[in-house]
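A look at the structure
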Amino acid sequence: SFSDAFRQYAETKLSTLAETTRNKHRGFFDREILPLVGNLPLEKFTRRHLSGIILPIQQKGHQGTASGVWKAVSAFLTWCVKVGLLEVNPVLGATPEFAIKKRQRFLSLDEIRCVWLAANTVNPVRCSAIRLLLLLPFRKTEFTLSRWDEYDGNYLHIPVERTKTKAQISLPFSEFAKTCLPPRRNDTDLMFSTNGKVATRLDDKLLKHITSEAGIELFGWHDFRRTFSTHLNEIPNANFIAIEACLNHTVEAQKGVAGVYNRAEYRSQKQAVMQQWSDIVEAAVGRG
């Protein structure tokens, strides 16, 4: 059945993906896909079945979810072909158009200050997480799941198991960033936890609260990364490669054949860029 094949997929291929991607795909299957087609024989699954799943989602205006469901199912079916469970992927080459708006939001220096002050209105652990996420351009879930043993007093090291790119990312803490660290709890090694059991979540409810308290236009947590890149790239003689390395993006010099030879971590350049950004934020939040 479709669900039998997915169980094998989850135990093999899905388990190798980054945790955020794995959880997202698992959620799509558990909520949107398996309840509708789980009992269907795998070879009977067609493009019409997938369209029947995503069209109601699109009609509700959830274009991003619909796109995610399509991609998750297509990836699963491609795996089924590779392992011999199917002869062909029935949805290959038939991806519909999804009306997804390209995000362009980034925060001005005044908005950064407003968000920084608004963070004072929430639990101290969440306040620390918000401020450090603004200072350190990690992806949200990569960062909020951080453990104290990943922080060496100067750098926070995010392991490959938790990164989207499957490449470790290490970013330095400025002295200013160190002042934003939460107090360490005795009952957990999690850096950000309000109960000592699970990592705190920077969810949409918290985002709406911060946006309301800050009195600014709605933004997303991921927009902190765009804010970091935009402001730094506007500086004369900006170090684009180091900025991209801080974002854990693969730069052109590390793609293709060149990437086989170029294994540079750009450590000193990243340290300089991160100090630049820390100085910019510190100056912005200290004004007035």
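Coordinates for the structure precede this section.
Cut-offs used in this document
- Each chain carries its own residue numbering, running from 1 in the written order of its sequence.
- A pLDDT threshold of at least 70 governs which residues receive local features in this predicted model, and a stricter bar of 80 or more applies before side-chain atom pairs are shown or counted, although totals over entire chains, interfaces and linings include all residues.
- Based on all heavy atoms of the structure, the side-chain values leave hydrogens and waters out of the count.
- Each residue's exposure class comes from its accessible area (1.4 Å probe, protein chains only) as a fraction of the maximum for that residue type: buried when under 20%, exposed when over 50%, partly exposed otherwise.
- The way it works is that DSSP assigns letters per residue, a run of H or I at least four long becomes a helix, a run of E at least two long becomes a strand, and they are numbered from the N terminus.
- By definition, two strands form a pair when at least two bridges between them are found by DSSP.
- When the centres of two rings from Phe, Tyr and Trp lie within 6.5 Å, Trp using its six-membered ring, the rings pair. Their planes under 30 degrees apart give stacked, over 60 give edge-to-face, and anything left gives tilted.

**A word on the pairing of strand β2 (residues 169–172)**
Look at any regular strand and the pattern is simple: side chains alternate between the two faces of the sheet. Both faces of β2 are covered, namely the face carrying I169 and L171 and the face carrying S170 and P172. Sheet topology places strand β1 (residues 155–158) next to β2; four bridges connect them, and they run antiparallel. Paired with I158 across the strands is I169, a residue of β2.

**Let's talk about unusual backbone geometry**
Although it is not a glycine, N237 adopts a positive phi angle of roughly 60°. Considering the arrangement of structural elements, one finds N237 in the loop between α10 (223–233) and α11 (240–246). Judged by relative accessible area, N237 falls into the exposed class, the value being 81%. Although it is not a glycine, N248 sits at a positive phi angle of roughly 60°. When you line up the elements, N248 lands in the loop between α11 and α12 (256–261).

**Here we look at the packing of aromatic side chains**
Taken as a whole and judged by the stated rule, the model has 18 aromatic pairs. Taken together, a centroid distance of 5.0 Å and an interplanar angle of 50° make the contact between F143 and F192 tilted. Pair noted here: F143 is in helix α7 (residues 140–144) and F192 is in the loop between α8 (175–178) and α9 (204–214), with a separation of 49 residues, a long-range link. You'll find F143 and F192 in the same group, each marked buried.

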